[in-house]
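Next come the chains, spelled out residue by residue.
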Amino acid sequence: MWKEEGNKLYKKFKFGDFKQAFAFMTHVALIAEKMDHHPEWKNTYNELEIWLYTHDAGDIVTEKDHKLAIAIDKIGEKS
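Quick notes on the rules
- Here the residue index of a chain counts from 1 through its sequence in written order.
- Whole-chain, interface and lining totals are the exception, using all residues; otherwise, since this is a predicted model, local features are given only for residues with pLDDT of at least 70 and side-chain atom pairs are given and counted only at 80 or more.
- The side-chain numbers reported here are obtained from all heavy atoms of the structure, hydrogens and water having been left aside.
- Throughout, nonpolar core names a set of buried Ala, Val, Leu, Ile, Met, Phe, Trp, Tyr and Cys residues whose side chains join them through atoms within 4.5 Å.
- Between buried and exposed lies partly exposed: a residue is buried under 20% and exposed over 50% of the maximum accessible area for its type, with that area taken using a 1.4 Å probe on protein chains only.
- Segments assigned H or I by DSSP are reported as helices when at least four residues long, segments assigned E as strands when at least two residues long, and all are numbered from the N terminus.
- Every residue pair with non-hydrogen atoms within 4.5 Å of one another is taken to be in contact.
- Note: two strands are recorded as paired if DSSP finds a minimum of 2 bridges between them.
- Axis angles are defined between N-to-C directions and span 0 to 180 degrees, where every axis is a line fitted to C-alpha atoms and, for a helix, only to the segment in contact.

K.L.:
Hey, could you run me through the nonpolar core in this one?
P.N.:
One broad trend across soluble globular proteins is that nonpolar side chains are buried collectively. Counting residues in hydrophobic clusters, the biggest one holds 17 residues, and the most contacted among them are Trp 2, Phe 13, Phe 24, Leu 48, Ile 50, Leu 52 and Ile 72. Sorting the residues of this core by element identifies β2 (8-14), α1 (18-35), β4 (47-52) and α2 (63-78) as the ones contributing at least two each. Ignoring sequence-local partners within four residues, the contact set of Phe 13 consists of Trp 2, Phe 24, Asn 46, Glu 47, Leu 48, Ile 50, Ile 72 and Asp 73.

See below:
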């Protein structure tokens, strides 16, 4: 579940290994590029943390972030 903390949407994902985490990141990157809305993220081996916020709106959470979060969750359902 995404949490709104400090004007950012946040979610932590855990995968079986680095390869699975990286594959997920690749899928997210392709969707983010199509949406022209890019996440802040941190990957450590099989864990991925993602923060979503809109730079153009003053670094706050907007509808763009919620749409990307939904798209990311759909990718996670397929993984």
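After that view, the rundown keeps rolling.
K.L.:
What's the story with unusual backbone geometry in this structure? I'm lost.
P.N.:
Glycine aside, residues mostly have negative phi angles, and peptide bonds mostly take the trans form. A positive phi angle is found at Asn 7, which is not glycine, with a value near 60 degrees. With respect to the secondary-structure elements, Asn 7 resides in the loop between β1 (3-5) and β2. In this structure, Tyr 45 is a non-glycine residue whose phi angle is positive, near 50 degrees. Tracing the sequence through the fold places Tyr 45 in the loop between β3 (40-44) and β4.

K.L.:
I tried to follow the pairing of β2 on my own but got confused; where do I start?
P.N.:
In summary, the side chains of a regular strand alternate between the two faces of the sheet. When β1 meets β2, the two strands line up antiparallel, connected through 3 bridges. Pairing of Glu 4 across the sheet is with Leu 9, part of β2. Hairpin connection, β1 to β2: the antiparallel pair is bridged by 2 residues, and Gly 6 has positive phi, about 55 degrees. Here β2 pairs with β4 via 6 bridges, running antiparallel. Opposite Lys 11, over in β4, you have Ile 50 as the bridge partner.

K.L.:
What's the story with the sheet that holds β4 in this structure? I'm lost.
P.N.:
Picture the strands of a sheet paired through backbone hydrogen bonds; they go either parallel or antiparallel. The sheet built from 4 strands is open, its strands ordered β1-β2-β4-β3 with antiparallel pairing. The open sheet has two edge strands, β1 and β3, and neither has a second partner. Strand after strand, the sheet turns through a mean of 25 degrees between neighbouring axes, direction not considered. Contacts between α1 and the sheet are confined to β2, β3 and β4, with β3 contributing the most and set at about 165 degrees to the helix.

Geometry only, nothing functional implied.
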